[in-house]
Amino acid sequence: VTLLVAYNYLYRRIKLRYGVYLVLLMLILVVLSGIWRASTARTDDSLNLAFGGIVRYGEHMFKRSTVSLIAVTEIFPDKEGYSLGRVYITHTLNTLLPGHQIGLGQWLKETQGLQFKGGGLPPSLVGDFYLNFGIPGVITGFFLVGLVLSASYYWMQKRPSVVRVLIYAVLIRNLGQSVSGGFSGTVGIQLLWSVFLILAIHWFVSRPNREPDLVEGSI
């Protein structure tokens, strides 16, 4: 996604139909990689199981988001009280600490007593806003998300540069991932890494192009 956005604004505009083709191609590659992983990890009829999983994938994503939102509304505020932003410190910044750190999704899974293998229960963006500030947080949060996206787009489009386009691309990618995972579940460590990457690219791009010094007698 980041590369497509950068190509579109820095080199050549991608026509809509080509953009759709590229997205479909990426989805197909993801699905094929999932089938390959399933076929190498299981000894039974894993290939048919993997193809069946493709059909059920959309249903699974819908159910997972629904279960996550139900879990959030059952825990907050009756059992835990609204987080008021503390979750971003306890479940995001602690990923920088050594050792195994439980993320918010894992904590929600264990709190609800769910036993499925691997991963956690991502709160979704709606659940993330709700567990922090309740229904007013959901309304205000989505208004701010729209405001940030709109402002960043006009800021980038006003004077496209390598750094501005990268910042915009990283922003929309992280916000897109947060729809199902929530801020604390997907954005935290990835955003920190993206900031480092953008600063490194900015340093390379902004360096002055100096002509090499000519040594006397070299010509």
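The sections below set out a description of the structure shown in this document. Throughout this description, residue numbers start from 1 for each chain and increase along the sequence as written. The predicted nature of this model means local features are confined to residues of pLDDT at least 70 and side-chain atom pairs, given and counted, to a pLDDT of 80 or more, with totals for whole chains, interfaces and linings taken over all residues. Side-chain measures were taken over the full set of non-hydrogen atoms in the model, leaving aside hydrogen atoms and water.

Things to note about the packing of helix α6 (residues 124-158) against helix α7 (residues 162-181)
The relative placement of two packed helices is expressed as an angle between their axes plus a distance between the axes. Here, axes are lines fitted to C-alpha atoms. For helices the fit covers the stretch in contact, and angles between N-to-C directions go from 0 to 180 degrees. Here a strand is any run of E in DSSP of at least two residues, a helix any run of H or I of at least four, and the numbering for each starts at the N terminus. Packing of α6 against α7 leaves a shortest axis separation of 11 Å and a crossing angle of 155 degrees. Between α6 and α7, the crossing angle belongs to the class labelled roughly antiparallel. α6 and α7 meet at a crossing whose hand is left-handed. Along the contact surface, α6 presents S124, L125, V145, V148, L149, S152, Y153, W155 and M156, while α7 presents R164, V165, I167, Y168, L171, I172, L175, S178, V179, S180 and G181. Under the grouping applied here, Gly and all other residues not named as nonpolar or charged are polar, the nonpolar ones being Ala, Val, Leu, Ile, Met, Phe, Trp, Tyr, Cys and Pro and the charged ones Asp, Glu, Lys and Arg. In terms of residue class, the contact of α6 with α7 is built from 14 nonpolar, five polar and one charged. By definition in this entry, angles of less than 35 degrees are roughly parallel, angles greater than 145 are roughly antiparallel, angles of 65 to 115 are roughly perpendicular, and the rest are oblique. Left-handed describes a crossing in which the near helix is turned anticlockwise from the far one by less than a right angle; the clockwise case is right-handed. Pairs of residues are marked as contacts when any of their non-hydrogen atoms sit within 4.5 Å.

Focus on the nonpolar core
As a rule of thumb, nonpolar side chains are buried together in soluble globular proteins. Only buried residues count toward a nonpolar core, which is a set of Ala, Val, Leu, Ile, Met, Phe, Trp, Tyr and Cys residues joined through side-chain atoms within 4.5 Å. A simple rule labels every residue: compare its accessible area, found with a 1.4 Å probe on the protein chains alone, to the largest value its type can have, and call it buried under 20%, exposed over 50%, or partly exposed in between. Of all hydrophobic cores here, the largest spans 16 residues; its most connected members are V72, F76, L108, F129, L131 and F183. Those elements that place two or more of their residues in this core are α3 (46-75), α5 (104-111) and α6. Top contributing element to this core by residue count: α6, with six residues. With residues up to four places along the chain from it excluded, the contact list for F76 reads G81, Y82, W107, L108, Y130 and L131.

So, the packing of aromatic side chains
To pair, rings of Phe, Tyr and Trp, with the six-membered ring standing in for Trp, must have centres within 6.5 Å; the planes then decide the type, stacked if under 30 degrees apart, edge-to-face if over 60, and tilted in the middle. Taken as a whole and judged by the stated rule, the model has nine aromatic pairs. With centroids separated by 6.3 Å and ring planes inclined at 90 degrees, the aromatic side chains of Y9 and Y168 adopt a geometry described as edge-to-face. Taken together, the residues span a long stretch of sequence, with Y9 in helix α1 (residues 2-10) and Y168 in helix α7 at a distance of 159 residues. For Y168, a relative accessible area of 11% corresponds to the buried category. For the ring pair Y153 and Y154, a centre distance of 5.6 Å and an interplane angle of 70 degrees mean the geometry is edge-to-face. An aromatic cluster is defined as three or more aromatic residues linked by ring pairs; in this entry it consists of Y9, Y153, Y154 and Y168. Look at NZ for Lys and CZ for Arg. If either is within 6 Å of the ring centre and within 35 degrees of the ring normal, a charge sits over the ring. Over the ring of Y18 we find R17, and its NZ or CZ is 4.8 Å from the ring centre.

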